[in-house]
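Summary of structural features
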Amino acid sequence: MRIGVLTGGGDAPGLNSAIRGIVFRAHKKGHEVIGILRGWRGLIEQQARPLSLDEVEEIHREGGTVILTSRTNPLKSEETAAKALEGFKALGLDGLIAIGGEDTLGACAKLAHKGLRAIGIPKTIDHDVPGTEFTIGFDTAIEIVTEALDRLVTTAKSHERVIVVEIMGRHAGWMALFGGLAGGAHFIVIPEQKVDVDEIIASIRRRFEAGKRYALVAVAEGVTFFAPKASDEVIDEFGHVKVGGVAEYIANAIKKAGFEARHVVLGHLQRGGSPSVRDRLIPMLLGVKAVELVEKGEFGKMVTIRGEQIITVPLDVVTEGIRAVPPELYEIAKAFFA
Ligand code: F6P
């Protein structure tokens, strides 16, 4: 068999581990693996190259993706969709494994309905893909957020300051919530739960009055209810607008209330570097399982884990919108706010 693999959307630590899993299993069974370069763009433009066992041997240690990525939307037009389907045939593929978030896999699900023989593997540091509680890169990203907060707290403490940390995640608050909790943030703001800036300030005031004269505020970049800077500028082919600027807005409000405050935008630091153990191990297992599904001709599915079991779900679930943080979880997190 000739199996194609592509990675689409933002890169994430652990993508290479999934590729390694695919190539190892495929080669064991005598299949060939073709790396489609730059996500869907590679399928549309037929940019691809074979992946050897030798090449992937050590890649589970590395962040990023050895087959590159892009935010190309194959469903941008009828023509690009047709070209993607043509590319699959022209490259002589028997099956395609697409690794990506809701954009990449959503497009994959729709192309599957047009006849693309595809399997999906969930990836995104944002952790917001419906139908799965695992997405490649999230575990590493929240480690990075946690480490950043560990570092920021010592400087906040020394200067008796408030530091507001802006955390990626687009329209979901998973990274800010989990990274914020693990890093000991004293207040967390996520897009799913509207709060008033006065609530944040009141909380900080309580803390300072109780003698703790420093605070960390974790805020998800996708928070737009303070309406600071959410621009209408469309940044990619999937129609996403630029998010961010909210940490600066909150820090300014805190300053106006009489505290010394700074803000930090973690940005792409959260996507770089080596994957965590979980982001090495699970993607490798999912890669192996995805090849098994291609062998069986079971297309239109996404592979993921539930507990310690590898499971499959219909790929169509990814088109249901984003998986948001449930309100109950935020309620529980409030136990740690000042
Ligand atoms: O979807 C992953 C993500 O890192 C989001 O958290 C973030 O908003 C976006 O990608 C950034 O996109 P880009 O890398 O294109 O700037």
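The shown structure was predicted, so the numbers you read here are calculated from the model rather than taken from an experiment.

The buried fraction of strand β8 (residues 215-220) is high, at 6 of 6 residues. Because side chains alternate across β8, one face comprises the buried residues Ala215, Val217 and Val219, and the other comprises Leu216, Ala218 and Ala220, equally buried. Where strand β6 (residues 162-167) meets β8, 6 bridges bridge the pair, whose relative direction is parallel. Its bridge partner being in β8, Glu166 is matched across the sheet by Val219. Alignment of strand β7 (residues 187-189) against β8, held across 3 bridges, turns out to be parallel. Within β8, the position partnered with Phe187 by the bridge is Val217.

Another point: the domain arrangement of the protein. Along its sequence, the protein is carved into domain 1 (2-137 + 275-320) and domain 2 (139-271). Here domain 1 and domain 2 have C-alpha centroids that lie 32 Å from each other. With 21 residues of domain 1 at the contact, the number on the domain 2 side is 15 residues. Inspection of the region where domain 1 meets domain 2 yields 2 salt bridges. Note that Glu237 is salt-bridged to Lys76, the shortest N-O span being 3.8 Å. Our count for the domain 1 to domain 2 interface comes out at 11 residue pairs in polar contact (both at pLDDT 80 or more). Put simply, the parts of the chain that give the side of domain 1 that touches domain 2 at least two residues each are α5 (102-113) and α10 (277-296). Top element by residues in the side of domain 1 that touches domain 2 is α5. It accounts for 3 residues. Split by residue class, the side of domain 1 that touches domain 2 holds 5 nonpolar, 7 polar and 9 charged.

The next thing to look at is the packing of aromatic side chains. This model, assessed by the stated rule, comprises 7 aromatic pairs. Look at Phe187 and Phe337: their rings are 4.9 Å apart centre to centre, the planes differ by 35°, and that puts the pair in the tilted class. Residue Phe187 is found in strand β7, and its partner Phe337 is found in the segment after α11 (327-333); the two are separated by 150 residues along the sequence. Each member of the pair Phe187 and Phe337 is classed as buried. A ring pair is formed by Tyr330 and Phe337, whose centres lie 5.7 Å apart and whose planes are at 70°; its orientation type is edge-to-face. Across the pair, Phe337 and Tyr330 agree in class, each one buried. An aromatic cluster is defined as three or more aromatic residues linked by ring pairs; in this entry it consists of Phe138, Trp174 and Phe178. Its guanidinium or amino end placed over the ring of Phe24, Arg20 lies 4.7 Å from that ring's centre, counting from NZ or CZ.

To continue, consider the packing of helix α8 (residues 197-209) against helix α9 (residues 246-256). Where α8 meets α9, the closest approach of the two axes is 10 Å, and the angle between their N-to-C directions is 55°. One finds that α8 runs oblique with respect to α9. Taken as a pair, α8 and α9 cross one another with a handedness that is right-handed. Across the interface between the two elements, Val197, Ile200, Ile201 and Ile204 of α8 pack against Tyr249, Ile250, Ala253 and Ile254 of α9.

Conventions used here
- Residues numbered from 1 in each chain as written.
- Predicted model: local features only at pLDDT ≥ 70, side-chain atom pairs only at ≥ 80, totals over all residues.
- Heavy atoms only, no water.
- Buried < 20%, exposed > 50% of the residue type's maximum accessible area, 1.4 Å probe, protein only.
- Helix = DSSP H or I, 4+ residues; strand = E, 2+ residues; numbered from the N terminus.
- Pairing = 2+ DSSP bridges.
- Domains from an automatic or database assignment.
- Contact = heavy atoms within 4.5 Å.
- Salt bridge = Lys/Arg side-chain N within 4 Å of Asp/Glu carboxyl O.
- Polar contact = N/O pair within 3.5 Å; in protein donor to acceptor, adjacent residues only side chain to side chain.
- Nonpolar A, V, L, I, M, F, W, Y, C, P; charged D, E, K, R; others polar.
- Phe/Tyr/Trp six-rings, centres within 6.5 Å; stacked < 30°, edge-to-face > 60°.
- Lys NZ or Arg CZ within 6 Å of the ring centre and 35° of its normal.
- Axes fitted to C-alpha atoms, helices over the stretch in contact; angles between N-to-C directions.
- Parallel < 35°, antiparallel > 145°, perpendicular 65-115°, else oblique.
- Left-handed = near helix turned anticlockwise from the far one by under 90°.

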